[in-house]
Amino acid sequence: MRAVDIIIKKRDGGELTSEEITFFVQGYTSESIPDYQAAAWAMAVVIRGMSMRETTALTLAMAHSGQILDLSDIARRVVDKHSTGGVGDKTTLVVGPLVAACGLPVGKMSGRGLGFSGGTIDKLESIPGLRVDLTLAEFKSQLRRVGLVVAGQTSDLAPADGKLYALRDITGTVENIPLIASSIMSKKIAGGADAIVLDVKAGSGAFMKTLEEALALANTMIDIGRDAGRDVAAVISSMEQPLGYAIGNALEVKEAILSLQGQAPPDFLEHCLTIAGYMLLLGGKVVNLADARRLLEQVLSQGKAFEKFREFIAAQHGNLEVIDHPDKLPQARFVKTLTAPQGGYIAGVHALDLGWAAVRLGAGRNKKDDRINHAVGFVIHAKVGDKVVEDQPLVTIHADDEFHLEEAGETCRKAIRLSLTPVSPLPLILQTLHG
Ligand code: URA
């Protein structure tokens, strides 16, 4: 078999066999197939699509490109969650400690930023000293001891997805249901979870722009999970505006810390409680969502979730001084707040434009090996539907040079729209699916 023939077949709209997909995935993992061929193939998939059979074959080939974790000696049931990617999405940083503090172990493999959406691993790396490159033995031992571990991809766990994910980030090949579904589900299958809660975003700041597309993605992942014997639920939420207030790595870590200390933005809190509730339900910790919410609110208000977060950060060698004093997280050189030119109502906070603007500030990558800037980003101060008065702060820009500060200012002025007449708040949770 030759990689080029597989690329041509997909380019011309053919359906690849499982053998061809496995050959391609194995070749890319072992580096006998180079990045440029994988990029051409991914673009052909974006343009031509994949059947459900091809998507399942791709998922299994990527899951089996490394080891499949067996966590049955750690817990009777291990639950994982994964987001399809959004702007300001720091959910894992809060949901992980919340669920672990309720006594359900969370062992999670997370990703870096992808296109305009941030990634949990990049966010965590804004904490000095923190290690995300854990060996499988370290991953399991921390899960047993602490009940919470978040690691980046290794050469042991779904390495094919690790490579393809980094390539897709900078080759315009992210927005595609088969590629997203197989990327997420290969990691979840390899990570050993029995049950998976999918945090599927829909809207301008998501890869799926409409509810219909988000439902199609969710159903594809649920089908893959069912075939692999996993219990899967999907929560579809709106990403028409950023989640919470902060966008950018260290800024989001700070917001997560404050959220665990009881100062969460209302939309972000609601989102976290919903995702965490389904995790407790699928994990068999509770029998209904009302019980889940009671338990979650208890561990949050008693400070147990924040304590679990500290324990997890310490276990991964992160500097706790920064967690206890978040102002010691990386800071940008220039901080500027834009205010409302007149009174009115917030009519739109364009998540996609702010997501790309954060990448341009340095919070994401333009090339595979780019170093990101953890300090930069935005803190918005109002959500759609909020009433604002003249000169009220709308957004604070954190930038490391004046050129990018100015450029981001221009973007923000267009991305945050005001109306003189009242505007309804946006819905948050759009639909949930649990077969
Ligand atoms: N998250 C992933 O892990 N992969 C994607 O393709 C998108 C979001």
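For the structure itself, look to the data block above.
Residues numbered from 1 in each chain as written. Predicted model: local features only at pLDDT ≥ 70, side-chain atom pairs only at ≥ 80, totals over all residues. Heavy atoms only, no water.

## Examining the sheet that holds strand S4 (residues 195–202)
- Read from one edge to the other, the open sheet built from four strands follows the order S1-S4-S5-S13, with strand pairing classed as mixed. Each edge of the open sheet carries a strand with a single partner, namely strand S1 (79–83) and strand S13 (429–434). Here the strands of the sheet are splayed against their neighbours by 15 degrees on average, with no regard to which way each runs.
- Bridge count between S1 and S4: five bridges; the pairing is parallel. Note on S4: the bridge partner recorded for Lys-81 is Val-197.
- Here helix H12 (residues 266–282) sits on the sheet in contact with S1, S4, strand S5 (231–238) and S13, set at roughly 155 degrees to S4. (Pairing = 2+ DSSP bridges. Helix = DSSP H or I, 4+ residues; strand = E, 2+ residues; numbered from the N terminus. Axes fitted to C-alpha atoms, helices over the stretch in contact; angles between N-to-C directions. Contact = heavy atoms within 4.5 Å.)

## A short note on helix H11 (residues 249–260)
- Between its terminal C-alpha atoms H11 stretches 17 Å, which fits the 16 Å expected from twelve residues at 1.5 Å a residue.
- Residues of H11 that are buried: Asn-249, Ala-250, Leu-251, Glu-252, Val-253, Glu-255, Ala-256, Ile-257, Ser-259 and Leu-260.
- In the stretch just after H11, Gly-262 is the one whose phi turns positive, near 90 degrees. (Expected span 1.5 Å × (residues − 1). Buried < 20%, exposed > 50% of the residue type's maximum accessible area, 1.4 Å probe, protein only.)

## Things to note about the sheet that holds strand S10 (residues 387–388)
- Strand order in the open sheet formed by three strands is S10-S8-S12, with antiparallel pairing between adjacent strands. Each edge of the sheet is formed by a strand with only one pairing partner; in this case those strands are S10 and strand S12 (416–419).
- The pairing of strand S8 (residues 344–349) with S10 spans two bridges and is antiparallel. Bridge pairing in S10 links Gly-344 to Val-388.

## Considerations on the environment of Thr-432
- One can find Thr-432 in strand S13.
- Its relative accessible area of 33% is what places Thr-432 among the partly exposed residues.
- Put simply, Thr-432 and Leu-198 are 234 residues apart on the chain and 9.7 Å apart in space, counted from C-alpha to C-alpha.
- Excluding residues within four positions of it along the chain, Thr-432 makes contact with Ala-234, Val-235 and Tyr-278.
- Side-chain polar atoms of Thr-432 contact the side chain of Tyr-278, separated by 3.3 Å. (Polar contact = N/O pair within 3.5 Å; in protein donor to acceptor, adjacent residues only side chain to side chain.)

## Focus: the site of the ligand
- Residues in close proximity to the ligand include His-82, Ser-83, Thr-84, Leu-114, Tyr-165, Arg-168, Ile-180, Ser-183, Ile-184 and Lys-187, which together make up its full environment.
- Ser-183 is positioned with one of its side-chain polar atoms (N or O) 2.6 Å from a nitrogen atom of the ligand.
- A distance of 2.6 Å is found between an oxygen atom of the ligand and a side-chain nitrogen or oxygen belonging to Lys-187.
- Computed on the free molecule, the ligand has an accessible area of 230 Å², of which 97% lies beneath the protein chains in the complex.
- Where the shell around the ligand is concerned, the elements lending two or more residues are S1, helix H8 (159–169) and helix H9 (177–190).
- Ranked by the residues each element gives to the shell around the ligand, the list is headed by H9, at four residues.
- Residue composition of the shell around the ligand, grouped by class: four nonpolar, four polar and two charged. (Near = heavy atom within 4 Å. Areas by Shrake-Rupley, 256 points an atom, 1.4 Å probe, with all protein chains shown as cover. Nonpolar A, V, L, I, M, F, W, Y, C, P; charged D, E, K, R; others polar.)

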